[in-house]
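In case you want the letters, here they are:
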Amino acid sequence: MEKNKTKIKRSGNAFLLMITIALFLVMYIVGMVVFQDKGFAKPQMFLNLFISNAGLIVIGCGMTLVMIIRGIDISVGSVTALVCMSSAYVMENKGINAYSALVISLLIGILFGIVQGYLIAYLKIQPFIVTLAGMFFGRGMTAVISTEMISIKNNLFLKWANYKIYLPFGSVNKKGVYQPAYIYPTVIAALLIVVFITVLLKYTKFGRKLYAIGGNEQSALMMGINVRKTKLMAYILEGLLAGLGGFLFCLNSSAGFVEQAKGMEMDAISAAVIGGTLLSGGVGTVIGTLFGVLIKGTITSLITTQGTLSSWWVRIVLSALLCFFIVLQSLIGASKKKKNALSLIR
Amino acid sequence: MKEIKITVKNITEHRLFMPFLCLAAVLLVNVLKTPDFFRISMNNGVLYGYLVDIVNRASELVILAIGMTLVTAASGGQDISVGAVMAVSAAVCCQILSGGKVSANTFENPFLLAVLMALAAALLCGAFNGFLVAKLHIQPMVATLILYTAGRGVAQLITKGQITYVRVENYKILGGYIGNCPVPTPVFFAVAAVLIVYLVLNKTALGLYIESVGVNGLASRLVGLNSTRIKFLTYVLCGGLAGFAGIVASSRIYSADANNIGLYLEMDAILAVALGGNILSGGRFSLFGSVIGAYTIQALTTTLYAMNVSADQLPVYKAVVVIIIVVLQSAVFKKHITELRMKKSVSIESGR
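With an unreviewed UniProt entry as reference, chain A is termed Sugar ABC transporter permease, source organism Anaerocolumna cellulosilytica. Database annotation for chain A, UniProt heading Subcellular location (unreviewed entry): "Cell membrane".

Quick look at the structure:
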């Protein structure tokens, strides 16, 4: 009977991940067929998904961590804005080098993680309320630093941002010239983070503690896990990733302004949910989240390539997908409960 | 002496004491900073002054706060889509009134039709949220997150990405003044909304049901309450009230601006509920507490504006206030305080 139960649970989760990957493939293949003449089939188009979403991938990884322990963080978008703005400010107005800007970004993230994590883990305030306040705080602080847009002209920073890494394959453009495909260092950083968090979740004590807490906090406590400390650590790590992701995002946009990365928290949450992370905690992988981000990127590039649809369609389609996956999760959860209840009766 | 002590204790332990204290504190700061804060004068036949401005500007927030209180009480979660729902209802209302044009100088369609359609759209949004929360048991804030982001997109879609203007004097009445009445119209709407909801909650058993579902949904179901339906109903009500607030807000600027109507108001509404002494995890609630909370927030906003804080920087202060309130409310913090007090009394006794 026990074996049967775990099988149901596993099949439900693998099912969600499979849907995600299938959805991505279908979307991308449809894009390749429909927009064949606009270069959708070129390898560079695929790599662009990673290039433009490197920051979001890192932030999504962090979001997955806290969602596994049944938390959530909706402050990441404003942390990103704050990181971009303060990086831009210290480099342009204070003449500080790019290394220090990176350190400052990480510190901002960690600070958000410590404060929010403490309030959530130790004072047991709902994560949503805490991070909602964090979101407004970050957005407001961005405006306190500057209400004007600051574009970054720091040499070292721009060198990082524009350093192309060429790959051993490519495509031929319309004039018949061979162009090698390329990526930026940000993509490598993002993929390294994905690998790192995957290893962390799968093969370390800390990772197993996170799943245990998400599955059932009470039993995790009884197993002797220091739930509060682990939760705090998770939020600090997530804050660090938000800071790093914000910096990668900044390398991509090379500017800081108040409205930046608006709604990014929603992108990160939907990427995690679409990637199979359960809102009820205990289940989730960063590989799924990576695919969630890729789906978001595909929707964006499909809509921009199409040309006549406005940018808010991205949000509407993404919200609809999020809704679909949330409902799907809840239905899978409900059927699981029913089966468990039936097995109890028998 | 003892009697006085008891009366003082009764007053300080009253549910509305803290909300009133907060309001008084904010107003006091104003009195110290601007001496003529309480002066109300007549300019061009309408009332004029800081207080009138606060009461007027707070109207939409009051309407939202009522809905938010009910949602919080019944489901123990908050609806963060109310600002977006305001934008949707404003977009529907203005788009119907202008007949699809960017700017209209006459009503292209009946006024009543536009208002009813806008309310219907808002109720639909509320029903969507309610369905996810009550029927599918999804955490309220996650469920409403969907509309929080999609809502403004939908509003853009309705207005075709433009700001729709309705430059008709009759439309400006809702957010302005009726005839020669010196009191701004939104104030009446706020008062009416509070009264109607209060009467509905107290003349029927609905208020009691909502509290009971919020305290323990399972237990209420066992005593025969349809807790799913009651939760659903509170979300529909909240959506409808948000829609109403959206119409008033759009009338204030006689246009539908999908990007800015109701921006950051969800935060203010949650803050109003918290300031009103309501527990954010559901259960017993005080409608009037939230109303006072809403006026306090508007007073705070007006004060900060008067101190030359820009609109973009306001969220910092509000976020700090929210954190302070939730920390003070948190069970762990309260327990800590009680323990400290007990230690103190123990040490006094043992010292004797």
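Counting its regular elements, chain A contains 13 helices and four strands. For chain A, the C-alpha radius of gyration of 21 Å lies close to 20 Å, the compact-globule estimate for 346 residues. The C-alpha extent of chain A, read off along each of the three principal axes, is 70 × 50 × 35 Å. Nonlocal contacts in chain A, meaning residues at least 24 apart in sequence, comprise 75% of its contacts between residues at least 6 apart.

Pairing of side chains with opposite charge becomes possible as their charged atoms draw close. Following the criterion strictly, the structure yields ten salt bridges over all chains and no others. Close ionic contact of Lys296 of chain A with Asp267 of chain A constitutes a salt bridge, the shortest N to O distance being 4.0 Å. Linking Lys296 of chain A in helix α12 (residues 286–306) with Asp267 of chain A in helix α11 (residues 264–274), this pair joins segments that are 29 residues apart in sequence. For the pair shown, Lys296 of chain A and Asp267 of chain A are each scored as buried. The closest approach of N and O atoms between Asp268 of chain B and Lys318 of chain B, which form a salt bridge, is 3.2 Å. Highlighted residues: Asp268 of chain B in helix α13 (residues 265–275) and Lys318 of chain B in helix α15 (residues 314–329), separated in sequence by 50 residues. As far as burial versus exposure is concerned, Asp268 of chain B and Lys318 of chain B are alike and both buried.

Now for the interface of chain A and chain B. Listed per partner, the contact involves 37 residues of chain A and 40 residues of chain B. In terms of surface lost to chain B, no three residues of chain A exceed Phe128, Phe136 and Trp312 of chain A, which account for 19% of the buried area on that side. On inspection of chain A and its partner chain B, the count reaches zero salt bridges. The interface formed by chain A and chain B contains three residue pairs in polar contact (both at pLDDT 80 or more). Elements with a contribution of two residues or more to the side of chain A that touches chain B: α5 (127–145), α11 and α13 (312–345) of chain A.

This paragraph deals with helix α2 (residues 43–68) of chain A. By the largest-angle criterion, Asn53 of chain A marks the main kink of α2 of chain A, which is about 70°. Burial analysis of α2 of chain A places 22 of its 26 residues in the buried class, which makes it a mostly covered element.

A separate point is the pairing of strand β3 (residues 178–183) of chain A. Every other side chain in a regular strand lies on the same face of the sheet, so the side chains alternate between the two faces. Residue and element names in this part refer to chain A. Pairing geometry for strand β2 (residues 165–172) and β3, over five bridges, is antiparallel. Bridge pairing in β3 places Gly170 opposite Pro180. Hairpin connection between β2 and β3: a loop of five residues separates the two successive antiparallel strands, and Gly176 in this loop has a positive phi of roughly 85°.

Once that is clear, we can look at the packing of α2 of chain A against α12 of chain A. Residue and element names in this part refer to chain A. As a packed pair, α2 and α12 sit with axes 8 Å apart at the nearest point and diverge in direction by 135°. Here α12 runs oblique to α2, going by the angle between their axes. Here α2 runs over α12; the crossing is right-handed. Each of Met45, Leu49, Phe50, Asn53, Leu56, Ile57, Gly60, Cys61 and Thr64 in α2 lies in contact with α12, whose residues at this interface are Val286, Thr289, Leu290, Val293, Leu294, Lys296, Gly297, Thr298, Ser301 and Thr305. Partitioning the contact of α2 with α12 into residue classes produces ten nonpolar, eight polar and one charged.

Thresholds applied
- Residues numbered from 1 in each chain as written.
- Chains lettered and ligands numbered in written order.
- Predicted model: local features only at pLDDT ≥ 70, side-chain atom pairs only at ≥ 80, totals over all residues.
- Heavy atoms only, no water.
- UniProt positions renumbered as here; feature names shortened; annotations may be inferred.
- Helix = DSSP H or I, 4+ residues; strand = E, 2+ residues; numbered from the N terminus.
- Rg over C-alpha atoms; globule rule 2.2 N^0.38 Å.
- Contact = heavy atoms within 4.5 Å.
- Salt bridge = Lys/Arg side-chain N within 4 Å of Asp/Glu carboxyl O.
- Buried < 20%, exposed > 50% of the residue type's maximum accessible area, 1.4 Å probe, protein only.
- Buried area = accessible area lost by both parts, 1.4 Å probe.
- Polar contact = N/O pair within 3.5 Å; in protein donor to acceptor, adjacent residues only side chain to side chain.
- Bend = angle between axes of the 7 residues up to and from the residue.
- Pairing = 2+ DSSP bridges.
- Axes fitted to C-alpha atoms, helices over the stretch in contact; angles between N-to-C directions.
- Parallel < 35°, antiparallel > 145°, perpendicular 65-115°, else oblique.
- Left-handed = near helix turned anticlockwise from the far one by under 90°.
- Nonpolar A, V, L, I, M, F, W, Y, C, P; charged D, E, K, R; others polar.

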